[in-house]
Amino acid sequence: MGRNGLSRGGVRRRGRGITALAVLGVLGAGVLVPAAPAGAAPRCGSSGAGGGPVQVAHVPDWTESIAVDRRGRMFATAYFSGRVYRIDAPGAAPVALTGNIGANGGIVVREDGKLLVGTGNDLAHSLTGDLLPVSKLLEVDPETGEVGVYASGLGGIDGVALAPDGTVYTTTLGGTAIGRVTPDRRVDPAWARVPQPNGIAVSPDGAEVYVVQTTLAPGVYRIPAGDPGHPRRWVTATGTDAVGLPDGLTLDGRGRPLIATHAAGEVWRVEDGTLCAVASGPELRLSTQLVYGRGGGGFTAGRLYRAGVDGRVYELPDGAEG
């Protein structure tokens, strides 16, 4: 789903409980949240500008995914209403760019400025997506809201990631399939397989695809773009982090994965094969996706933003790129 990252650990793990969370009866953002405590990953040794989360927008729905275009405008997918929203700048009111088009999955911005949006991120399509890949990847005009079908025949689409060459990768949380759509729109609904794939991103050189596994054995896989039949587990969440429920994935400017979490109330970074926390706080519980801004205005380059089930978008100063 965009760019992601985390920094060097060096602080001992601290046990820290979180308030018990009611079980969410929707698969949507990808997981059921248990009423169990989740501990804290070690704090990353380096951080950005410093400071806690700052609310910069509020979408009136469960916000599943966010992306930012070159003009610094943010786009968000809404789980329940199926709309795409546009937010022109921090503090601006979200504008519904579309009606209900089923846009309840990931979203990315192509180089030409068009949006690619995943559909079928509901319980039924997610659980049946491996056997019946019928979901669509939509193309949305960011100015007019005009909608077209970019590709079809994919499993219920949760995460969406765009490679440098224009290849699109998708995940289906309720199954194992990683979908791929080539620049000439050839669809492979099961290009690779990873258990419970959720957040997804592509390395800056396009050589590897990174995928989050959310539950059972949470962690991050690396899939060689040229050898999709051999995914490699890169990092595993251990101890109390195993119930942190990692979700959306992005990359920082150094290509390091950053991971939003539901239960941990933290943003993790993968560094040297381990997890550390870039940011934490009660505002970060039930997070779904992270994205860095772009351009010199609006949601600007180098600043990290978080979306979540609560519809609130926060800027995370600790995740800012120096």
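Parameters at a glance
- Within each chain, residue numbers correspond to sequence positions counted from 1 in written order.
- Totals for whole chains, interfaces and linings use every residue, but because this is a predicted model, local features are given only for residues with pLDDT of at least 70 and side-chain atom pairs only at 80 or more, for both listing and counting.
- Side-chain figures throughout are based on the complete set of non-hydrogen atoms in the structure, without hydrogens or water.
- Counting from the N terminus, the helices are DSSP H or I runs at least four residues long and the strands are E runs at least two residues long.
- Burial classification: accessible surface area is computed with a 1.4 Å probe over protein chains only, and a residue below 20% of its type maximum counts as buried, one above 50% as exposed, and the rest as partly exposed.
- Classification of ring pairs rests on two measures: the distance between centres of Phe, Tyr or Trp rings, Trp counted by its six-membered ring, which must be within 6.5 Å, and the angle between planes, read as stacked under 30 degrees, edge-to-face over 60 and tilted in between.
- Consider the ring centre and the ring normal. A charge sits over the ring if Lys NZ or Arg CZ is within 6 Å of that centre and within 35 degrees of that normal.
- Should DSSP find at least two bridges between two strands, the strands are regarded as paired.
- Axis definition: a line fit to C-alpha positions, over the contact stretch in the case of helices; interaxial angles, taken between N-to-C directions, run 0 to 180 degrees.
- What counts as a salt bridge is simple: a side-chain nitrogen of Lys or Arg found within 4 Å of a carboxyl oxygen of Asp or Glu.
- For every residue, the predictor assigns a confidence score, pLDDT, that lies between 0 and 100.
- Residue contacts follow a heavy-atom distance rule, with two residues in contact if any of their heavy atoms lie within 4.5 Å.
- Put simply, a disulfide is two cysteine sulfurs that come within 2.5 Å.

**Student:** Quick question: what am I supposed to make of the environment of Asp-241 here?
**Tutor:** Its location among the elements puts Asp-241 in the loop between strand 17 (232-236) and strand 18 (246-251). Residue classification places Asp-241 among the buried residues on the basis of a relative accessible area of 2%. The spacing of Asp-241 and Ala-264 is 23 residues in sequence and 7.2 Å in space, taken between C-alpha atoms.

**Student:** Got a minute to help me understand unusual backbone geometry in this structure?
**Tutor:** The phi angle of most residues is negative, glycine excepted, and most peptide bonds adopt the trans form. Despite not being glycine, Arg-185 shows a phi value in the positive range, around 70°. The residue Arg-185 is located in the loop between strand 12 (177-181) and strand 13 (187-193) in this model. Overall, Arg-185 belongs to the partly exposed group, its relative accessible area being 42%. At Leu-286, a position not held by glycine, the phi torsion is positive, near 60°.

**Student:** Would you mind going over the packing of aromatic side chains with me for this structure?
**Tutor:** The relation between two aromatic rings is expressed through the spacing of the ring centres and the mutual angle of the planes. Counted according to the given criterion, the structure contains six aromatic pairs. Summarising the aromatic geometry, the rings of Trp-62 and Phe-80 are spaced 5.7 Å apart at their centres and angled 85° between planes, so their arrangement reads as edge-to-face. Taken together, the positions of Trp-62 in the loop between strand 1 (54-58) and strand 2 (63-68) and Phe-80 in the loop between strand 3 (74-78) and strand 4 (84-87) put the pair 18 residues apart, joining distant regions of the chain. Of the residues examined, Trp-62 reaches a relative accessible area of 5% and is grouped as buried. Cluster of aromatic residues (ring-pair linked, three or more members): Trp-62, Tyr-79 and Phe-80. The side chain of Arg-222 reaches across the aromatic face of Trp-234, ending 4.3 Å from its centre.

**Student:** So what exactly am I meant to see when it comes to the sheet that holds strand 24 (residues 312-315) here?
**Tutor:** Where strands meet in a sheet, backbone hydrogen bonds hold them as pairs that are either parallel or antiparallel. Taken together, four strands build an open sheet; the order of strands is 1-24-23-22 and the sheet is antiparallel. The sheet terminates laterally at strand 1 and strand 22 (287-292), the two strands that pair on one side only. Between one strand axis and the next, the sheet turns through 25° on average, direction left out of account. Two elements, strand 22 and strand 23 (residues 304-308), share five bridges in a ladder whose sense is antiparallel.

**Student:** What's the story with the pattern of salt bridges in this structure? I'm lost.
**Tutor:** Pairing is possible between side chains that carry opposite charge, provided their charged atoms lie close to one another. Within this structure, the stated rule accounts for 17 salt bridges. Across the pair Arg-186 and Asp-184 runs a salt bridge whose closest N-O atoms are separated by 3.1 Å. One salt bridge connects Arg-269 with Glu-271, and the closest N-O pair in it is separated by 3.4 Å. Grouping residues by exposure puts Arg-269 and Glu-271 together as buried. Connected through shared salt-bridge partners, Asp-69, Arg-71, Arg-73 and Glu-143 make up one network.

**Student:** Got a minute to help me understand the confidence of the model for the protein in this structure?
**Tutor:** Reading fine detail from the predicted coordinates is not recommended where pLDDT is low. With 86% of its residues at a pLDDT of at least 70, the protein reaches an overall mean of 88. Across residues 1-38 the pLDDT falls below 50, and counting only partners more than four positions away or on other chains, this stretch makes 165 contacts in the model.

**Student:** Can you help me understand the state of the cysteines in this one?
**Tutor:** By definition, a disulfide links two cysteine residues through a covalent bond between their sulfur atoms. With the rule as written, the count across this model stands at one disulfide. Residue pairing for Cys-44: its cysteine sulfur links by disulfide to Cys-276, the two sulfurs lying 2.1 Å apart. With the S-S dihedral at roughly 90°, the linkage between Cys-44 and Cys-276 falls on the right-handed side. Placement of Cys-44 in the segment before strand 1 and of Cys-276 in strand 21 (residues 274-280) is noted, with a sequence separation of 232 residues between them.

**Student:** I keep staring at the pairing of strand 2 and nothing clicks. Help me out?
**Tutor:** Consecutive residues of a regular strand have side chains that alternate between opposite faces of the sheet. Of all six residues making up strand 2, six are buried, and the element is well covered by its neighbours. Bridge analysis of strand 2 against strand 3 gives five bridges, and the strand direction is antiparallel. Bridging across to strand 3, Val-68 finds its partner in Met-74. Hairpin geometry of strand 2 and strand 3 is characterised by an intervening segment of five residues between the two adjacent antiparallel strands and by a positive phi of about 80° at Gly-72.

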